[in-house]
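# Coordinate analysis (summary)
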Amino acid sequence: MLTGKKIVLGVTGGIAVYKAVDLVSKLTQAGAQVRVVMSEAATKLVTPLTFKEISGHAVAIDMWCANPEFNVEHIALVEWADLMIIAPATANVIGKMAGGIADDLLTTTILACQKPIIICPAMNSGMYNKPAVQENLQKLKDWGTIIMPPAAGHLACGTIGIGRLPEPIAIVEFVKHYLAATEGDLRDLTILVTAAGTREAIDPVRYIGNRSSGKMGYAVAKAAADRGAKVILVSGPSVLKPPASVEFISIESTQQMLDAVLEVYDDVDVVIKAAAVADYRSRKVENQKIKKSGDEGLNLVLDKNPDILQILGQRKKQQILVGFAAETQNLLDNAQEKIKKKNLDMIVANDVTLPGAGFNADTNVVKFLFPDGQVTSLEKMPKSEVAEAILDIVREKSKK
Ligand code: CTP
């Protein structure tokens, strides 16, 4: 999303200005071109030379500079830019923005800017919570400025509270999410993804589970969010961190997954069911840990769980349903059978016995099958690329 994006970064004189240096570095690493405009106060804290070296461009500071990089610099900068970010944004610059004041190069550039402006307020909690600042922020929001809320934690003044400039990586994620939501090719879709394995309790200590890591489902959720979709990720237990900017619902059992999925099903456009769902549960879940008794084995009676995807298939209206089929034999026949039985639009089939495919691997070897019998075979590739390929098809199908 940031590749080739032209960003004017406005830097004001908050103590967090040192983080703005790293922000320039992170934005350029992500493929953006960055030009920095500093307020006079910011130059007291970090030298313009630092920003010049990191951004690869001269830093604009002074309205009255004898040799500006551009003629009528504030106008040229905003014409060049796709987007403006102000980080850190002090109470002072926020006040000037809300008051329409343009008394230096930075505030004049901001006032001239017709492109989206994202601001990252950073200041002491007391200042941040003052009605003047809050009202100014509200005013800017009402005018269409995008505001990234400050983080909470240790502040330079020695107190703990709200007002920290978020870490540069979080600002980059915020900007990417904003761009995805406004420009991403899936921005009109709400996509429900299920991931990881469900677990069925036997007693307070033990459960029936499976080998799913969640990697495939999490990759789909991330790729969909990066392309602007509103993503709801319903996941069984996994060591993976949910991707930023997805709505995350954590569940454990198949019944809990079914309940969570049905809660949102009517309002989603697409369901991608990558979860490995436990087909059976123990009829009796003991309240206490089951103890070994003599040399006898242990008999567990299992009841069948609902087939979530089949239920979704029966209730299907506008939704595009994508299932997964993890097989160890007769891949194509088994997968084709599941398409029919579950009323799917597509199934992603993989033979989990192949090297580089299936549980816990970072790659997968899959085939896409469709209700009309068509089959597309993909090479072994990272799960992130499989995710993109699935979403490309979803994009096409959702246009029809
Ligand atoms: N699935 C589901 N609910 C279940 C079982 C499976 O929603 N109780 C979904 C999975 O998330 C997957 C698809 O159905 O998208 C196929 O799952 P899979 O485990 O391969 O097949 P099953 O239908 O369970 O059949 P079998 O275990 O006999 O292969």
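Residues numbered from 1 in each chain as written. Predicted model: local features only at pLDDT ≥ 70, side-chain atom pairs only at ≥ 80, totals over all residues. Heavy atoms only, no water.

### Side note on the sheet that holds strand E1 (residues 6-11)
Two orientations exist for strands paired in a sheet by backbone hydrogen bonds: parallel and antiparallel. Judged by pairing direction, the sheet is parallel, and its 5 strands sit side by side in the order E2-E1-E3-E4-E5 without closing on themselves. Lying at the two open borders of the sheet, with one neighbouring strand each, are strand E2 (33-38) and strand E5 (146-147). Sheet topology places E1 next to strand E3 (residues 83-89); 4 bridges connect them, and they run parallel. If you follow glycine 10 over to E3, its bridge partner there is isoleucine 86. Across the sheet, helix H3 (residues 48-55) lies against E1 and E2, angled at about 170° from E2, the strand it touches most. (Pairing = 2+ DSSP bridges. Helix = DSSP H or I, 4+ residues; strand = E, 2+ residues; numbered from the N terminus. Contact = heavy atoms within 4.5 Å. Axes fitted to C-alpha atoms, helices over the stretch in contact; angles between N-to-C directions.)

### Quick notes on the pairing of E2
It is a general feature of regular strands that their side chains alternate between the two faces of the sheet. By the criterion of burial, E2 is predominantly enclosed, with 5 of the 6 residues buried. Examined bridge by bridge, E1 and E2 share 6 bridges and lie parallel to one another. Paired with leucine 9 across the two strands is valine 36, which belongs to E2. Considered for its hand, the β-α-β crossover made up of E1, helix H1 (residues 17-29) and E2 is right-handed. (Buried < 20%, exposed > 50% of the residue type's maximum accessible area, 1.4 Å probe, protein only. Right-handed = clockwise from strand over helix to strand, strands pointing away.)

### A short note on the sheet that holds strand E16 (residues 320-327)
Taken in spatial order, the 8 strands make up an open sheet running E12-E11-E8-E13-E16-E17-E19-E20, and their pairing is mixed. Strands with a single pairing partner mark the edges of an open sheet, and in this sheet they are strand E12 (247-250) and strand E20 (375-377). Ignoring which end each strand starts from, the neighbouring axes of this sheet average 15° apart. For strand E13 (residues 270-273) and E16, the ladder comprises 4 bridges, and the chain directions are parallel. The residue of E16 that forms the bridge with isoleucine 272 is valine 322. In this fold helix H11 (residues 254-265) packs onto strand E8 (190-195), strand E11 (230-235), E12, E13 and E16, with an angle of close to 175° to the strand it touches most, E8.

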